[in-house]
Amino acid sequence: MSTVLKKALCDNGIDLSDLDEITKRHERERKNARKRHYFLGGLLHINGIQIDNSLVNIVRDITKPEETKITSYIVTINAENNGEERMIGETADQMHNLKNNPLTPQGREASHLIMGDDVQLDSWAALPESERLDAMNAFYGQIVLTGYSYGTSLIQQMERDITQRLTARNLPLEPLRNVKAMNMGAVDIPCLIGGLKADFNNVAAKKLDNAHGFSQIFALKSNDKIMNSVIGRDLVPERVAGQQLQSFGTDHLSFIVDYTRDSYIKRIGITRFAEGREVPQLNKNYDPEAHDLRIYLNNKSVIYSKSGVYRTYPTSPLSSVLRDSVSDAVALGVDFVGYRAPSYLKNITDTHNALSLEFENIVEIYEDSDYDEAIDNIGLILSNDLKKITPKI
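Throughout this document, residue positions are counted from 1 along each chain, in the order its sequence is written. Predicted model: local features are reported for residues with pLDDT of at least 70 only, side-chain atom pairs are reported and counted for 80 or more only, and whole-chain, interface and lining totals are derived from all residues. For side-chain calculations, the full set of non-hydrogen atoms in the structure is used, while hydrogens and water are omitted.

## A short note on the packing of aromatic side chains
Pairs of aromatic rings are described using the distance from one ring centre to the other and the angle between the two planes.
Argument step 1. Aromatic rings from Phe, Tyr and Trp, with only the six-membered ring used for Trp, were paired whenever their centres fell within 6.5 Å, and each pair was classed as stacked if the ring planes differed by under 30 degrees, edge-to-face if by over 60, and tilted otherwise. Summed over the entire model, instances satisfying the criterion amount to 9 aromatic pairs.
Argument step 2. Ring geometry for Tyr264 against Tyr286: centres 5.1 Å apart, planes inclined by 50 degrees, an arrangement best described as tilted. Linking Tyr264 in strand β10 (residues 264–272) with Tyr286 in strand β11 (residues 278–286), this pair joins segments that are 22 residues apart in sequence.
Argument step 3. A simple rule labels every residue: compare its accessible area, found with a 1.4 Å probe on the protein chains alone, to the largest value its type can have, and call it buried under 20%, exposed over 50%, or partly exposed in between. You can call Tyr264 partly exposed: its relative accessible area is 31%.
Argument step 4. Judged by centre distance (5.3 Å) and plane angle (50 degrees), the rings of Tyr313 and Phe359 are tilted. In this pair, Tyr313 is assigned in strand β13 (residues 308–313) and Phe359 in helix α13 (residues 342–367), connecting sequence segments 46 residues apart.
Argument step 5. Lysine and arginine charges are scored as sitting over a ring when NZ or CZ, respectively, is within 6 Å of the ring centre and within 35 degrees of the ring normal. Seen from the ring of Phe139, Arg36 lies directly overhead, with NZ or CZ sitting 5.6 Å from the centre.
Argument step 6. The positively charged end of Lys284 is found above the aromatic ring belonging to Tyr264, 5.1 Å away from the centroid. Helix numbering and strand numbering both begin at the N terminus, where a helix is a DSSP run of H or I of at least 4 residues and a strand a DSSP run of E of at least 2.

Right, here's the structure in full:
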């Protein structure tokens, strides 16, 4: 078994590598009707690298476990070699070869671990038909997935594997719709059984309506170069002049495209050094690939760390889509089609534009401030008391 759950955030981020312990936890959570959230990250995360407080805080932030009855796990693969940089290259080769080999050993093992092993499936097959559907609906209704980059391919691989294993036992596929999955920086998309259809026109033309699988949202940033490289430049429809967001999909697959070209990771705050000195700091870091996890998930929030305190700002309106969809999947298990509603898209676009303007105004004021003024102004920014900040005359 090379797929493990690296950290269980419900227990202060303890590492998990023992399959029996993982199985026991899953059984307890199912009996207690506790939802399970799995974060499947990029090449580094999935190989056990950069699973630090920064990532843990992001996962906690989007699931809000203190408010919801959910356990979050950070998933890694290649357990025997976790932390070895050579595995990054091997995993990247897998990612770019998904058209030829759409199911990897790790994807199959992740499916057994999260979607139910063969013992679980055989137990459903032995149930009376009147009980079978209820048991499967309850099981899959507890699973929430968040995929980023390589992790999106593992989600699609799990869907392919579990669909094939259920079909082999003549088990119903409809319960799989209860699995909710959010995908960002996608390197793989849903396909019909038997082959990878790496062409979004299949979805736009609603050719997948009758295909059984998870309920999914794909948040796509049109200038994400890693995403485009793996799947293809014709990933999304052409932009209509002036359009920032576009949506399309089927009744269980929602695709929302961000056409804004913003690729800056934005934050402003105060860095504190060991001797107690405070330094104002404004960061507007450009991501040339437009693929960083923070591009998709940063929102307007205050982050506290040992080195200081900072306010972050969103890069993309997709941050709202992803946060809302995770929140609703955790709390309500709602249908994702509502996120394609024009009123919803307009609201998050207007909010995002206002926050972008707010940050640019902060940058102008910061650039015109002296050292002491910058410290004072940042204090107001962190407290969200922006009205007291005035440009220097």
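## Quick word on the pattern of salt bridges
Argument step 1. Just to be clear on terms, a salt bridge is a Lys or Arg side-chain nitrogen sitting within 4 Å of an Asp or Glu carboxyl oxygen. On inspection of all chains with the given rule, the structure shows 14 salt bridges.
Argument step 2. The closest approach of N and O atoms between Lys266 and Asp262, which form a salt bridge, is 2.5 Å.
Argument step 3. Sharing partners across several salt bridges, the network here consists of Asp118, Asp122, Asp161, Arg165 and Arg169.

## Brief notes about the confidence of the model for the protein chain
Argument step 1. Looking at any residue, its pLDDT shows the predictor's confidence there, from 0 to 100. Per-residue pLDDT for the protein chain averages 84, and the proportion of residues at 70 or more is 87%.
Argument step 2. A low-confidence stretch, residues 193–206 stays under pLDDT 50, and its non-local contacts, those more than four residues away or across chains, total 32 contacts. Any two residues having at least one pair of non-hydrogen atoms within 4.5 Å are treated as being in contact.

## Describing the packing of helix α3 (residues 53–63) against helix α12 (residues 318–331)
Relative placement of two packed helices is described by the angle separating their axes and the distance separating the axes.
Argument step 1. Contact geometry for α3 and α12: axes closest at 8 Å, N-to-C directions at 65 degrees. The residues of α12 that touch α3, namely those facing Asp61, Ile62 and Thr63, are Arg323, Val326 and Ser327.
Argument step 2. Across the contact of α3 with α12, the residue classes tally to 2 nonpolar, 2 polar and 2 charged. What counts as an axis is a line fitted to C-alpha atoms, over the stretch in contact for a helix, and the angles between N-to-C directions run from 0 to 180 degrees. Each residue is assigned to one of three groups, with Ala, Val, Leu, Ile, Met, Phe, Trp, Tyr, Cys and Pro labelled nonpolar, Asp, Glu, Lys and Arg labelled charged, and all others, Gly among them, labelled polar.

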